Structures are given as C-alpha cells and as structure tokens.
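Observations on the three-dimensional arrangement
Read off the chains here:
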Amino acid sequence: YYDHKTIALMGGGTTLVGDPSGKDEGRKILQLQDIENNIVKIKKIFEKFINLKDKAIIINNYEWLSDINYINFLRDIGSKVTINKMLTFESVKNRLDREQPLTFLEFNYMLLQAYDYFYLNKEYNCELQLGGSDQWGNIVNGVELIKRHSSKQVFGLTTPLITLASGSKMGKTEKGAIWLDKKLLSSYDYWQFWRNTDDRDVLRFIKMFTDLRLEKIEEIKNKNINQLKIILA
C-alpha cells in the first residue's frame, strides 16, 4: 500500500515562455499579474476534483524558475539535454516542417519543463508525471534529465488529447472552447455547446462525459441523434 500524494503543477513560470506544442504560431505572452489571476481561478476548479487538504498540493513553478541563474542552469541542465533529441519531438518537428517560426523563447519551454520534473523529484520525491499526449516529449526530457543527473528511474504517463470529428483538439486555447466559469460562459451557453455537438462525436462524448453505464448507452444508441444530443447536454 502506497500513500501517494498528488502534486498539481501550475505553470506560472513556463506560461511566461509559451509552449509550442500543437501550435502554428507562438502563444500570447501573458503578464505576470494576469497569470497570477488565472492561477487563483484554476485553484478553485481544482478544489472540486482533488483533495487539497490531505492528499494533494498545488505548486507554482514560478517559485523556482524565477530564481534560476541562467549561466548555472546552462552548465548544470543544458549540458544534459541534446538538441538532436529535442528536434525529433512532434511539437518542434511539425512547426519546422511547416516552416512556421519557432522562437528560441519557445524552444526553451521543453528545457524548463524537464527541469520542473527534475526539481519535483529532488524536492518532493515525485516519481510519476502525468499530462496530455502533446506533452510526451517534454515529459521524456524530464525522465532522461533525472536519469543523467541523478541516476534515478522515474516515469511518465500521457493520455490522448480529446479531439473533435473535424480533427481539431478540444482545448482551452482553441476557438469556441468551453469554460468551467460562469463569468466566462453561461449555463445556457454551456448546455448549447453540447447540444450542438457534431453528429459524429455524440456517442463518443456520451461515453466520455456522462455517468451513463455502457449497457444503458447501448440501449439508447439508436435513438434520434437530436435526442442523444439532449442526453449529452
């Protein structure tokens, strides 16, 4: 029996840099105050899903990234990560293949996220990092950095991104994204988002986002598509 403790990592530091994953252009660079305001709101949402009192903690990587000495960082961390390997990751390779600009600022994101895992392992004994599949390269960099620097074995686990039938991902920075904040999206608009789901996505989303058992879904799957959308909503 292991008494695991969840670490919810907030990217207050890396958000100042921007993640190139899945993007054709650089993400908007936010000001520090905007990032801090966003973190406060995200914490309120996290509290609904994880036990922050006993079994989890929230940490902002700005706490350690803001104090990095760049020369020391390059000597200690940069020397352990190869450019050759970073160029093979999809987040970078796709941008270069499409001849889309990739700034040195964004390129550093992978190095900083690898360092995040190294820091969490050293300070909190974190041995498993979880993320979306678009973060696979960043997590692998962290695993290899820890192995080279500390000779420790750690692990990474990613889950597939949720994509729409159109091929685009359902993400917070995508056009038409839904919010779990009534100030940003009314209950009516939230309901309408699901009510207007693409026909091809309805059954898949019912399985993902409702608490209906699979047997029940099997019973109703041949209903009129509009009825299924209402059930989903």
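See above for the structure.
Fair warning: this is a prediction, and the values are worked out from it, not measured in the lab. Per chain, residues are indexed from 1 in the order of the written sequence. Only residues with pLDDT of 70 or above have their local features reported here, since the model is predicted, and side-chain atom pairs are shown and tallied only from 80 upward, although totals for entire chains, interfaces and linings are computed over all residues. Here the side-chain values reflect all heavy atoms present in the structure, with hydrogen atoms and water set aside.

**Points about the overall build of the protein**
Regarding its fold elements, the protein presents 11 helices and 4 strands. In terms of overall dimensions, the protein has C-alpha extents of about 60 × 50 × 35 Å along its principal axes. Going through the 233 residues of the protein one by one, you find that 31% of them count as buried. Pairs of residues are marked as contacts when any of their non-hydrogen atoms sit within 4.5 Å. Partitioning the intrachain contacts of the protein with sequence separation of at least 6 by distance along the chain shows that 70% fall at a separation of at least 24. Of the roughly 15200 Å² that the protein leaves accessible, carbon and sulfur atoms contribute 53%. Counted as positive: Lys and Arg. Counted as negative: Asp and Glu. His and the chain ends are not counted at all. Charge coordinates come from a single atom per side chain, which is NZ of Lys, CZ of Arg, CG of Asp or CD of Glu. In the protein, the 34 positive side-chain charges and the 30 negative ones have mean positions that sit 2 Å from each other. Starting at the N terminus, helices and strands are each numbered in turn, a helix being any DSSP run of H or I of at least four residues and a strand any DSSP run of E of at least two. Each residue's exposure class comes from its accessible area (1.4 Å probe, protein chains only) as a fraction of the maximum for that residue type: buried when under 20%, exposed when over 50%, partly exposed otherwise. Accessible surface area values rest on a Shrake-Rupley calculation with a 1.4 Å probe, where residue burial reflects the displayed protein chains alone.

**Topic: the environment of I225**
As for its placement among the helices and strands, I225 is situated in helix α11 (residues 225–232). A sequence separation of 62 residues divides I225 from T163, and the C-alpha atoms of the two residues are 20 Å apart.

**Comments concerning the packing of aromatic side chains**
Centres within 6.5 Å are what make two rings of Phe, Tyr or Trp a pair, Trp counting through its six-membered ring; a difference in plane orientation under 30 degrees is then read as stacked, over 60 as edge-to-face, and the rest as tilted. This model, assessed by the stated rule, comprises 9 aromatic pairs. Where W64 meets Y119, the ring centres are 4.1 Å apart and the plane angle is 15°; that geometry is what we call stacked. On the criterion of sequence distance, the pair formed by W64 in helix α2 (residues 62–65) and Y119 in helix α6 (residues 104–124) is long-range, its members being 55 residues apart. Y119 matches W64 in its accessibility class, with the two residues each being buried. Consider the rings of W194 and F209, whose centres lie 5.0 Å apart with planes at 55°: the pair is tilted. Of this pair, W194 sits in helix α8 (residues 187–195) while F209 sits in helix α9 (residues 202–209), and the two are 15 residues apart along the sequence. A residue is classified by how much of its surface remains accessible, and F209, at 37% relative accessible area, is partly exposed. Grouping aromatic residues by their ring pairs yields a cluster made of W64, F73, Y115, F118 and Y119.

**Describing empty space enclosed by the protein**
The pocket and cavity definitions rest on a 1 Å grid over protein atoms only: a 1.4 Å probe that fits but cannot leave marks a cavity, an open set with protein on both sides within 12 Å along at least five of seven lines marks a pocket, and residues lining either have an atom within 4 Å of a point. Grid points are joined across faces, edges and corners, and a volume is the space filled by probe spheres set on the points. Here the structure, examined in full by the defined rule, presents 1 cavity of 30 Å³ or more. Size it by volume and the largest cavity reaches roughly 30 Å³. Examining the composition of the lining of the largest cavity, we find that 3 residues originate from one element, helix α7 (residues 136–150), more than from any other. Of the residues that constitute the lining of the largest cavity, the class distribution is 1 nonpolar, 2 polar and 4 charged. Gly is placed with the polar residues, together with every amino acid not listed as nonpolar (Ala, Val, Leu, Ile, Met, Phe, Trp, Tyr, Cys and Pro) or charged (Asp, Glu, Lys and Arg).

**A word on the pattern of salt bridges**
Between Lys or Arg on one side and Asp or Glu on the other, a salt bridge is scored when a side-chain nitrogen of the former is within 4 Å of a carboxyl oxygen of the latter. Going through the model one piece at a time under the given rule, you end up with 6 salt bridges. Two residues, K229 and D199, come together in a salt bridge whose shortest N-O distance is 2.7 Å. Pair noted here: K229 is in helix α11 and D199 is in the loop between α8 and α9, with a separation of 30 residues, a long-range link. Exposure remark for K229: the relative accessible area of 9% places this residue in the buried category. We classify D199 as partly exposed; its relative accessible area is 45%. A salt bridge links R204 to D201; its shortest N-O distance comes to 2.9 Å.

**Regarding the packing of α6 against α7**
Look at α6 against α7: their axes get within 8 Å of each other, and the N-to-C directions meet at 55°. Between α6 and α7, the angle falls in the class oblique. For the pair α6 and α7, the sense of crossing is right-handed. Across the interface between the two elements, Y109, M110, Q113, A114, Y115, Y117, F118 and N121 of α6 pack against N138, I139, N141, G142, V143, L145, I146, H149 and S150 of α7. For the contact of α6 with α7, a count of residues per class yields 10 nonpolar, 7 polar and no charged. Fitting a line to C-alpha atoms yields each axis, with helices limited to the stretch in contact; the angle taken between N-to-C directions then spans 0 to 180 degrees. In this scheme, roughly parallel covers angles under 35 degrees and roughly antiparallel covers those over 145, while 65 to 115 is roughly perpendicular and the rest are oblique. Each crossing gets its hand from how the near helix is turned against the far one by less than a right angle, where anticlockwise is left-handed and clockwise is right-handed.

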